[in-house]
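Fold and geometry: a report
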Amino acid sequence: MDPIRDWTRGGEGIAFQVCGSCRAAWYFRRGFCPACGAPDPQSRQASGLGRLHALTVVTRAPTEELRAHAPYVIALVDADEGFRLMAHCAPDLQIGDRVRVTFTDLAGKKIPFYEKA
Ligand SMILES: [Zn+2]
C-alpha cells in the first residue's frame, strides 16, 4: 500500500483519521477518538473532494509572509470522508459548491488550495 501523502509532512495530499470503534472521522492528528475516546485511530488518505461549507475573505493577513497575498479567501470544506478542514480556496467559489483540492506554493510552503470540482 502507498504511504499516505500529507501536506503537513511535505506531500501533496490530505490525511485524516478514523475511529475503529465509532467510525468518527476528523482532520487534526491525535492519539484517540475525539468522539468516543477509543485509542489507536487509523490514518487514511482523503480523496480531496468535498463541499464548501463557508468562506471568508482575509484582507488583514495575520503574518508578514501572508500580507503579500492578501486579500485571499479561506474556506471551511466538508470533505466527502466526513471531516471538516480549513484551507485556502479560489475566489470564485460559493457556499455549497463541490470542490476539489489542488496544491499551491504559499510563502515557500506547499498548501492545499480548493477549486471548483
Ligand atoms: Zn470513536
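The structure contained in this document is the topic of the report that follows.

Thresholds, definitions, all that
Residues numbered from 1 in each chain as written. Predicted model: local features only at pLDDT ≥ 70, side-chain atom pairs only at ≥ 80, totals over all residues. Heavy atoms only, no water. Helix = DSSP H or I, 4+ residues; strand = E, 2+ residues; numbered from the N terminus. Rg over C-alpha atoms; globule rule 2.2 N^0.38 Å. Buried < 20%, exposed > 50% of the residue type's maximum accessible area, 1.4 Å probe, protein only. Contact = heavy atoms within 4.5 Å. Areas by Shrake-Rupley, 256 points an atom, 1.4 Å probe, with all protein chains shown as cover. Lys, Arg positive; Asp, Glu negative; His and termini not counted. Charge placed at Lys NZ, Arg CZ, Asp CG, Glu CD. Polar contact = N/O pair within 3.5 Å; in protein donor to acceptor, adjacent residues only side chain to side chain. Salt bridge = Lys/Arg side-chain N within 4 Å of Asp/Glu carboxyl O. Donors = N, O, S within 2.8 Å, 3.2 Å for Na, K, Ca; no water. Tetrahedral: all angles 85-135°; square planar, octahedral: opposite > 155°, others 65-115°. Pairing = 2+ DSSP bridges.

So, about the overall build of the chain. Secondary structure summary: the chain contains one helix and eight strands in total. Put simply, the chain runs from its N terminus to its C terminus through helices and strands in the order β-β-β-β-α-β-β-β-β. A compact globule built from 117 residues should have a C-alpha radius of gyration of about 13 Å, and the chain, at 15 Å, falls within 12% of that. With respect to the principal axes defined by its C-alpha atoms, the chain has extents near 45 × 30 × 25 Å. The buried share of the chain, reckoned over its 117 residues, is 37%. Of the contacts formed within the chain by residues at least 6 apart in sequence, a portion of 44% connects residues at least 24 apart. With the model as given, the accessible surface of the chain reaches about 7,100 Å², and the carbon-plus-sulfur share is 52%. Positive and negative side-chain charges in the chain, numbering 15 and 13 respectively, have mean positions lying 4 Å apart.

This next bit is on the side chain of Asp-97. Summarising the element assignment, Asp-97 is placed in the loop between strand E6 (84–89) and strand E7 (98–106). In terms of polar contacts, Asp-97 uses its side chain to reach the backbone amide nitrogen of Gln-94, at 2.8 Å. Those residues in contact with Asp-97 that sit more than four places away from it in its chain are Gly-50, Arg-51, Leu-52, Asp-92 and Lys-116.

Before going further, it helps to spend a moment on the pattern of salt bridges. Pairing of side chains with opposite charge becomes possible as their charged atoms draw close. According to the stated counting rule, one finds six salt bridges in the structure shown. Across the pair Lys-110 and Glu-12 runs a salt bridge, and its minimum N-O distance is 3.8 Å. Taken together, the positions of Lys-110 in strand E8 (residues 109–116) and Glu-12 in the segment before strand E1 (15–18) put the pair 98 residues apart, joining distant regions of the chain. Take Lys-110: its relative accessible area is 33%, and that puts it in the partly exposed class.

Moving on, we come to the coordination of the zinc ion. Taken together, Cys-19 (SG), Cys-22 (SG), Cys-33 (SG) and Cys-36 (SG) make up the protein donors of the zinc ion, found 2.3 to 2.4 Å from the metal. Taken together, the four donor atoms coordinating the zinc ion span angles of 105 to 115° at the metal, a pattern that classifies the geometry as tetrahedral. Read N to C, the donor residues that coordinate the zinc ion are spaced as C-x2-C-x10-C-x2-C. Taken as a pair, Cys-19 in the loop between E1 and strand E2 (25–26) and Cys-33 in the loop between E2 and strand E3 (42–45) lie far apart in primary sequence, 14 residues in all. Given the relative accessible area of 2%, Cys-19 is considered buried.

Moving on to the sheet that holds E1. An order of E2-E1-E3 is seen for the three strands of this open sheet, with the pairing classed as antiparallel. Because the sheet does not close on itself, it has two edges, and the strands there are E2 and E3.

Without other data, these values stay purely geometric and don't point to any function.
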